[in-house]
Amino acid sequence: MPTPIRIRIGPVVLDATLDDTPCARAIAAIIPLHAPVQGWGDEFYFSVPLALGMDGTATMEVEAGDIG
C-alpha cells in the first residue's frame, strides 16, 4: 500500500507518496528524518541512513515530481 509523506525544505512543504516497495517501506520506517539538502538544477538531493541495493523498480527514466 502506498505511503503518504510530507517533505519540508525550509518554508516549502511538499506532499508526496512512497510506492509500496521494500526500499520505500524501509524509508517510511525511519521517518521523520532530517538531512541537509543539496540542489542541482531543479532537483534536490539528500541522503538517508540506509544501505539498500537496487530493486526491480530502479530506473534512469524519471519525471518531474518523482522521488528516487
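Please refer to the structure higher up on the page.
Just so we're clear, the structure is a prediction, and the values are computed from it rather than from any experiment. (Residues numbered from 1 in each chain as written. Predicted model: local features only at pLDDT ≥ 70, side-chain atom pairs only at ≥ 80, totals over all residues. Heavy atoms only, no water.)

A. Looking closely at the layout of surface pockets. Here the largest pocket defines a volume of roughly 2,200 Å³. Taken together, 49 residues line the largest pocket, and the ones lying closest to its centre are I27, F46, D66, I67 and G68. Going through the elements one at a time, β1 (3-9), β2 (12-18), α1 (22-29) and β4 (43-45) are the ones with two or more residues in the lining of the largest pocket. When residues in the lining of the largest pocket are grouped by element, the largest group, six residues, is from β2. Grouping the constituent residues of the lining of the largest pocket by class yields 29 nonpolar, ten polar and ten charged. (1 Å grid on protein atoms, 1.4 Å probe; cavity = no way out; pocket = protein on both sides within 12 Å on 5 of 7 lines; lining within 4 Å. Points joined across faces, edges and corners; volume = space filled by probe spheres on them. Helix = DSSP H or I, 4+ residues; strand = E, 2+ residues; numbered from the N terminus. Nonpolar A, V, L, I, M, F, W, Y, C, P; charged D, E, K, R; others polar.)

B. Geometry of the pattern of salt bridges. Per the counting criterion, the structure on display carries two salt bridges. Between R6 and D15 there is a salt bridge; the shortest N-O distance is 2.7 Å. Per residue, the accessibility class of R6 equals that of D15, and both read exposed. (Salt bridge = Lys/Arg side-chain N within 4 Å of Asp/Glu carboxyl O. Buried < 20%, exposed > 50% of the residue type's maximum accessible area, 1.4 Å probe, protein only.)

Any functional reading would require information that these geometric values do not contain.
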